[in-house]
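Below, each chain spelled out in residue letters.
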Amino acid sequence: MISISGLLGQAFAILLALVLAPLLSGWVGQCRAWLQSRTAPPLLLPYYQLQKLFHKDVVLAHGASSLFRAAPFVVFGCMVLACAIIPSLSTDLPLAPAADALALVGVFGLARVFISLAAMDVGTSFGTLGGRREMLVGFLAEPALLMVIFTLAMIAQSTSVATIVETLAHRELVIYPSLAFAGIAFTFVSFAENARVPVDNPATHLELTMIHEAMILEYSGRHLALIEWAASLKLYAYSCLGLALFFPWGIAPGDNFLALVAAIPLLLFKLAIGGAFLAAIETINAKMRIFRAPEFLGTAFMLAVLGLLVRLLLESKV
Amino acid sequence: MNSLLPIDTLLIAACAWLAVGLLGLVAPRDTRFISKTLFPLGAVIGTLVGLVALGSLGGETQTAVLVIGLPDLPFHLRLDNLSAVFALLLGFVSVGISIFAAGYFRKGEGTAPGLLCLEYHVFLASMLMVLLADDAYAFMVAWETMALSSFFLVTTDHRHEEIRRAGFLYLLIAHIGAIAILLCFGVMTGGAGDYSFAGMRAQELSPFWASAAFLLALAGFGAKAGLVPLHVWLPEAHPAAPSPVSAMMSGVMLKTAIYGLLRVSFDLLHTTIWWWGVVALVIGLATALFGVLYSTVQSDMKRLLAYSSIENIGLIAVGIGLTLIFHAYRMEGLAALAMTAVLYHCLAHSAFKSLLFLCTGSVLHATKERSLGKLGGLIHRMPWVAWLALAGVIASAGLPPLSGFVSEWLLLQSFLFSPGLPHPWLNMVVPVAAALVVLVAALAGFAMVKFYGIIFLGQMREPGLKDAHDAGTWEKFGLAWLALITLLLGILPSTVIMRIDAATRQLLGTGLADKVNEQGWWMLAPISPERASYEPLIFLVTIAATLLLGRWLVRRLYHGRVRRTSAWDCGYYFQGPRAQDTAEGFSQPIRRIFEPMFRMQRHFPTARDTEPYYSVKVEDHFWYWLYLPVAKLAGRISTLIVALQGGRIAVYLMYSFITLLVLLLVARP
């Protein structure tokens, strides 16, 4: 049943996600700058930006419809739900049964569709271009992501993210070769889904290379703030999902208060390592041409399928 | 005097539909009377059908004998749970379409409205009779009536050459299918000469003949449903037909074919062989992938939706295939899960696809334009249609929390818990099939974003669109009704599954109701909550709460000021409607990635062109690989036969004489 501590833990997890997400983006930016021998921007830069954007007026294009104004809120809502489902600190989440791993992919899909539609709404050349590229990346990444989830679901005999994490975190140490394939595929997918370097460049305004930026060009003020915040929440959600699925140690089982407190520094530590890893990958790679993206995500998909088959053929006795 | 049984009520409803149709002939040119009186009357009957079918779910099977037709061959009728699920679908979806049609049909060229009203209601009544038929004779009569009435509805605008061609193609494939179905029934009688379904159930067929019957049924019903390679009529017939008719055909008529397939493979044939499931699975996957790829590259909004229907029928066939595999290996729990996914997707698709087709009807009325490349920005002029269409688009893209996601979720769950099949090959193939299903679902999202974004969003591509008007009251009501069904199917899956479970139980012996019932109405957990759960209502509430809270907080803490100016677009000066993506532009990545799947003719401008233009034409491979060779072969054979027909009577007499001689020689007593 839903316990008080569960509800509190849930509320805390959402608050933590809202607070930590921009910090994670700031940390990745700082690491990137260090690795590229630039002067690093302040760690809290994303917060300053959000604050500034929220204060500004919204400047809407004449052709913008109500869908354009609703989309940032919908996307933000989707991302908050995603962060609420993914067990970052504890697996005792009252909202977790609302969506299992398949529905979680659906949440990201819903957000993607809304932001693509919003991109097409004003009717500018870059908007539609971004929207179509985003959907392209989406339809390639989604099957790969689901294949990863399938592999894990077969190990845990469940598609509930919380159950998967509990199974993986509290089992005896067994090495699953399928998890390695799934992990690499998941990393590939997270780069594509979060508009990161091999697929997209988050720091560009160069027309021919941008995907995410092209879609949100027409946004300003609080709408832009929400979209930026949602983007960092998405990165946070993906990072937490990856950590929860592949490095699940330390996530508190059930309503154990001490374990919950102990989980916080561990999560911070894991996120810091993950962010540095992300920055390193981004630094040593160059942005691909958009038509190489299918190859990149096709590789991810093949790896994920391979993981699944390895699971089915070799590990079914384990 | 007994109280009125549901089956009697449904028969009365069918007769009432016929009567309403005939009333249309009283004043065939009186558009006002027909659209504002007769079509709403039809909708009332539809509500009745839906409610009666809903009430009879889970009840006793009822039979009736109708003494019409040939002497000694009465129509046997039967209402069981499977019929009831599809009658429910027919009833409730037809309500929305009829109400919409009340506002849609206007004076114009083509068939007189009275005749149209007759055809439309005959179509409805015949579909209901297909669902109730309990012998091959009644079934075929109803089936052919359905095909003919829909043929006339498709060719409403028969003055156009292409519409006549589409109608002809439809009729041709419908009849190829009908022949297969007839042969299938013939095989299933097992030579006993009893054409009632009860007689067929009693037959014990050998595996060979049972497989023959199944394959014939798959071909026959597949032709009507639009399975590859017999799908070619769909993208031709849907754009040709008026939008309510497209909605009815796509939403409801395709489901009668699914009904027939389920009836034959799970009820009439009681043996199941595992490779039937593999055949259905493979054809279903091919259909789904083919349908979705072609739907992403269409530039005509109704063709796009027609291909999307092919995709959905493919997914349903995938579900049927899985059910057959599990059923053959006696894994009834999983079979029940897959069957629920099939039935759920039938319900979901009938509502959201009808909704989308009706939306294209409103757009067509408002703009006289079907080509995506000439639309755009209609959300400003047609907000009602645009927002209601969004519900259909999200459902069709298979995204939570609307109806399309539920069936997809159920289907993926049944894929996911399938290992443990006794066949090693199947264990390998099934997860890969699941991967393809996911790819199809993701591509459906692409197609739907294209559909919605290009029609309703962006700048208006043609100056004429400024005069577009929103749908009328009747039309809005019909659309809202279907959107409501889509929403309810999306957020109350457990309640719906509890209802349709009777049909699963009837076909497979087990259902999901017990497991689903344990968890409470808001939660969908078909196996156990630890294994998989989905609570669409809480899902929706969380997103909505965040949305509203976020909006309120931002306004409270900061401000809600908005300024309007022209679009920024990286500072580019020229921002006319021609700068945005066209339908062709939007689907360019798909064409490029899946190039071998399409037959394309492209024209690229060169540097020397004084009037450069780019054009692309995408055609169906099957047309060139299958249909044209068959047509050519038929032509060849007929030229050979022409040689026999000299036109001289003496020669013909000689043919008869020789035939007679041969017969006398061969057929000696």
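Conventions we followed
- Residues numbered from 1 in each chain as written.
- Chains lettered and ligands numbered in written order.
- Predicted model: local features only at pLDDT ≥ 70, side-chain atom pairs only at ≥ 80, totals over all residues.
- Heavy atoms only, no water.
- UniProt positions renumbered as here; feature names shortened; annotations may be inferred.
- Helix = DSSP H or I, 4+ residues; strand = E, 2+ residues; numbered from the N terminus.
- Rg over C-alpha atoms; globule rule 2.2 N^0.38 Å.
- Buried < 20%, exposed > 50% of the residue type's maximum accessible area, 1.4 Å probe, protein only.
- Contact = heavy atoms within 4.5 Å.
- 1 Å grid on protein atoms, 1.4 Å probe; cavity = no way out; pocket = protein on both sides within 12 Å on 5 of 7 lines; lining within 4 Å.
- Points joined across faces, edges and corners; volume = space filled by probe spheres on them.
- Nonpolar A, V, L, I, M, F, W, Y, C, P; charged D, E, K, R; others polar.
- Expected span 1.5 Å × (residues − 1).
- Buried area = accessible area lost by both parts, 1.4 Å probe.
- Salt bridge = Lys/Arg side-chain N within 4 Å of Asp/Glu carboxyl O.
- Polar contact = N/O pair within 3.5 Å; in protein donor to acceptor, adjacent residues only side chain to side chain.
- Pairing = 2+ DSSP bridges.
- Core = buried A, V, L, I, M, F, W, Y, C linked by side-chain atoms within 4.5 Å.
- Axes fitted to C-alpha atoms, helices over the stretch in contact; angles between N-to-C directions.
- Parallel < 35°, antiparallel > 145°, perpendicular 65-115°, else oblique.
- Left-handed = near helix turned anticlockwise from the far one by under 90°.
- Domains from an automatic or database assignment.
- Phe/Tyr/Trp six-rings, centres within 6.5 Å; stacked < 30°, edge-to-face > 60°.
- Lys NZ or Arg CZ within 6 Å of the ring centre and 35° of its normal.

- If you look chain B up in an unreviewed UniProt entry, it shows as Hydrogenase 4 subunit B from Sulfuritalea hydrogenivorans sk43H.

- The name recorded for chain A in an unreviewed UniProt entry is Respiratory-chain NADH dehydrogenase subunit 1, from Sulfuritalea hydrogenivorans sk43H.
- Quoted verbatim from the Subcellular location (unreviewed entry) field of UniProt, the annotation for chain A is "Membrane".

### What to know about the overall build of chain B
Okay, step 1: Along chain B, the regular secondary structure elements total 25 helices and five strands.
Okay, step 2: The C-alpha radius of gyration of chain B comes to 26 Å, within 12% of the 26 Å expected for a compact globule of 669 residues.
Okay, step 3: In chain B, which comprises 669 residues, the proportion classed as buried is 59%.
Okay, step 4: Across chain B, contacts joining residues at least 24 apart in sequence account for 78% of those joining residues at least 6 apart.

### Some thoughts on the layout of surface pockets
Residue and element names in this part refer to chain A.
Okay, step 1: There is about 1,200 Å³ of room inside the second largest pocket.
Okay, step 2: Every residue lining the second largest pocket is counted, 48 residues in all, and those nearest its centre are Ser 25, Arg 196, Pro 202, Glu 213 and Glu 228.
Okay, step 3: Those elements giving two or more residues to the lining of the second largest pocket turn out to be helix 1 (4-35), helix 2 (45-55), helix 3 (66-85), helix 4 (101-121), helix 5 (125-156), helix 7 (177-193), helix 8 (212-215) and helix 9 (221-246).
Okay, step 4: No other element matches the nine residues that helix 9 contributes to the lining of the second largest pocket.
Okay, step 5: A class-by-class count of the residues in the lining of the second largest pocket yields 28 nonpolar, nine polar and 11 charged.

### As for helix 17 (residues 424-456) of chain B
Every α-helix carries 3.6 residues per turn, so stepping three or four residues along brings you back to the same face.
Residues and elements named next belong to chain B.
Okay, step 1: Given a rise of 1.5 Å per residue, 33 residues ought to cover 48 Å, and the 49 Å separating the end C-alpha atoms of helix 17 matches this to within 8%.
Okay, step 2: In terms of burial, helix 17 is largely enclosed, as 26 of its 33 residues are buried.
Okay, step 3: At the C-terminal side of helix 17, Gly 458 shows a positive phi close to 80 degrees.

### Here's the deal with the interface of chain B and chain A
Okay, step 1: Contact residues are listed per partner, giving 75 residues for chain B and 77 residues for chain A.
Okay, step 2: With both sides pooled, the region where chain B packs onto chain A buries about 7,000 Å², and carbon together with sulfur makes up 71% of that total.
Okay, step 3: Area buried by chain B at its contact with chain A is led by Leu416(B), Tyr558(B) and Arg564(B), which between them contribute 9% of it.
Okay, step 4: There are three salt bridges connecting chain B and chain A.
Okay, step 5: The salt bridge partner of Asp57(A) is Arg563(B), with a shortest N-O separation of 3.9 Å.
Okay, step 6: In this structure, the connection of chain B to chain A is made through 28 residue pairs in polar contact (both at pLDDT 80 or more).
Okay, step 7: No other element matches helix 17 of chain B, which puts 15 residues into the side of chain B that touches chain A.
Okay, step 8: Grouping the constituent residues of the side of chain B that touches chain A by class yields 46 nonpolar, 18 polar and 11 charged.
Okay, step 9: With four bridges connecting them, strand 1 (residues 58-61) of chain A and strand 3 (residues 562-565) of chain B associate as parallel partners. Looking across to strand 3 of chain B, one finds that Ala61(A) is bridged to Thr565(B).

### Describing the nonpolar core
Okay, step 1: In terms of nonpolar packing, the biggest core is built from 359 residues, with Tyr236(A), Phe86(B), Phe139(B), Phe185(B) and Tyr452(B) touching the most fellow members.
Okay, step 2: The dominant element in this core, judged by the number of residues it contributes, is helix 13 (residues 332-367) of chain B, at 22 residues.
Okay, step 3: Excluding its chain neighbours within four sequence positions, the residues that come into contact with Tyr452(B) are Leu67(A), Leu117(A), Ile379(B), Ala386(B), Trp387(B), Ala389(B), Leu390(B), Val393(B) and Leu457(B).
Okay, step 4: Within the second largest apolar cluster, five residues are counted, among which are Phe126(A), Met210(A), Ala214(A) and Cys570(B).

### A short note on the UniProt feature "transmembrane region" (unreviewed entry) in chain A
All names here are of chain A.
Okay, step 1: Mapped onto this numbering, the UniProt entry gives "transmembrane region" (unreviewed entry) at residues 6-28, 70-89, 101-123, 135-155, 175-192, 235-251, 257-281 and 293-314.
Okay, step 2: As annotated, residues 101-123 has a helix share of 91% and a strand share of 0%, and its two end C-alpha atoms lie 34 Å apart.
Okay, step 3: Helix makes up 71% of residues 235-251 and strand 0%. Its end C-alpha atoms lie 19 Å apart.

### Points about the pattern of salt bridges
Oppositely charged side chains are able to pair whenever their charged atoms sit close together.
All names here are of chain B.
Okay, step 1: Considering all chains together, one arrives at 20 salt bridges over all chains under this definition.
Okay, step 2: In this structure, the salt-bridge partner of Asp 80 is Arg 78, at a minimum N-O distance of 2.9 Å. Here the two residues Asp 80 and Arg 78 agree in accessibility, since each one is buried.
Okay, step 3: The residue Glu 161 makes a salt bridge to Arg 164 at a minimum N-O spacing of 3.2 Å. Taken as a pair, Glu 161 and Arg 164 lie in helix 6 (residues 161-189) at a separation of three residues, close to a single helical turn.
Okay, step 4: When its relative accessible area of 41% is taken as the criterion, Arg 164 is described as partly exposed.

### A closer look at the packing of helix 3 of chain A against helix 9 of chain A
Two numbers describe a pair of packed helices, the interaxial angle and the distance between the axes.
Residues and elements named next belong to chain A.
Okay, step 1: Two numbers describe how helix 3 lies on helix 9: the axes approach to 9 Å, and their chain directions differ by 25 degrees. It follows from the interaxial angle that helix 3 and helix 9 lie roughly parallel. Helix 3 and helix 9 meet at a crossing whose hand is left-handed. Across the interface between the two elements, Arg 69, Pro 72, Phe 73, Val 75, Phe 76, Met 79, Val 80 and Cys 83 of helix 3 pack against Arg 222, His 223, Leu 226, Ile 227, Trp 229, Ala 230, Leu 233, Lys 234, Tyr 236 and Ala 237 of helix 9.

### Considerations on empty space enclosed by the protein
Okay, step 1: For the structure on display, the rule yields eight cavities of 30 Å³ or more.
Okay, step 2: By volume, the largest cavity amounts to about 200 Å³.
Okay, step 3: In this structure, the largest cavity is lined by 22 residues; those nearest its centre are Glu142(A), Gly398(B), Leu399(B), Glu408(B) and Ala442(B).
Okay, step 4: Elements with a minimum of two residues in the lining of the largest cavity: helix 4 and helix 5 of chain A together with helix 16 (403-416) and helix 17 of chain B.
Okay, step 5: Here the lining of the largest cavity takes six residues from helix 4 of chain A, the largest share from any one element.

### Some words on unusual backbone geometry
All names here are of chain B.
Okay, step 1: Cis geometry is found at the peptide bond from Val 228 to Pro 229, where omega equals 5 degrees.
Okay, step 2: If you trace the backbone, Pro 229 turns up in the loop between helix 8 (207-225) and helix 9 (233-240).
Okay, step 3: Phi at Arg 330 is positive, roughly 60 degrees, even though this residue is not glycine.
Okay, step 4: Position of Arg 330 among the secondary structure elements: in the loop between helix 12 (301-328) and helix 13.
Okay, step 5: The phi angle at Lys 368 is positive, at roughly 60 degrees, despite the residue not being glycine.
Okay, step 6: Following the sequence through the fold, Lys 368 ends up in the loop between helix 13 and helix 14 (378-381).

### Here we look at the domain arrangement of chain B
Okay, step 1: Each domain of chain B was delimited in the assignment, giving domain 1 (274-527) and domain 2 (626-667).
Okay, step 2: Each of domain 1 of chain B and domain 2 of chain B has a C-alpha centre, and these two points are 50 Å apart.

### Focus on helix 4 (residues 113-132) of chain B
Okay, step 1: Relative to the 28 Å expected for 20 residues at 1.5 Å per residue, helix 4 of chain B spans 29 Å between its end C-alpha atoms, a close match to the ideal helical length.
Okay, step 2: In terms of burial, helix 4 of chain B is largely enclosed, as 18 of its 20 residues are buried.

### Overview of the side chain of Arg591(B)
Okay, step 1: The topology assignment puts Arg591(B) in helix 23 (residues 588-593).
Okay, step 2: Residues in contact with Arg591(B), not counting those within four places in the same chain, are Val297(B), Glu584(B), Phe598(B), Met600(B), Tyr614(B), Val616(B) and Val618(B).

### Description of the environment of Ala125(B)
All names here are of chain B.
Okay, step 1: Along the chain, Ala 125 turns up in helix 4.
Okay, step 2: On the basis of relative accessibility, which here comes to 4%, the residue Ala 125 falls in the buried class.
Okay, step 3: Once residues lying within four places of it in the same chain are set aside, the contact partners of Ala 125 are Ala 14, Trp 17 and Leu 18.

### Quick notes on the side chain of Glu535(B)
Okay, step 1: Looking at where Glu535(B) falls in the secondary structure, it is placed in the loop between helix 20 (513-518) and helix 21 (536-557).
Okay, step 2: Once you skip the residues sitting within four places of it in the chain, Glu535(B) turns out to touch Pro97(A), Ala98(A), Trp522(B) and Met523(B).

### Looking at the packing of aromatic side chains
Residue and element names in this part refer to chain B.
Okay, step 1: A complete count under the given rule lists 42 aromatic pairs over all chains for this structure.
Okay, step 2: Relative to Phe 105, the ring of Tyr 104 lies with its centre 5.7 Å away and its plane at 80 degrees, an arrangement referred to as edge-to-face. Of the two residues, Tyr 104 and Phe 105, neither departs from the other in class, the shared state being buried.
Okay, step 3: On the basis of an interplanar angle of 80 degrees and a centroid distance of 5.1 Å, the ring pair of Phe 208 and Trp 209 is categorised as edge-to-face.
Okay, step 4: Exposure remark for Phe 208: the relative accessible area of 57% places this residue in the exposed category.
Okay, step 5: We classify Trp 209 as partly exposed; its relative accessible area is 46%.
Okay, step 6: Geometry around Trp 143 places Lys 224 over its ring, the cationic atom sitting 5.4 Å from the centre.
Okay, step 7: It is Arg 599 that lies over the ring of Tyr 624; its NZ or CZ is 3.6 Å from the centre.

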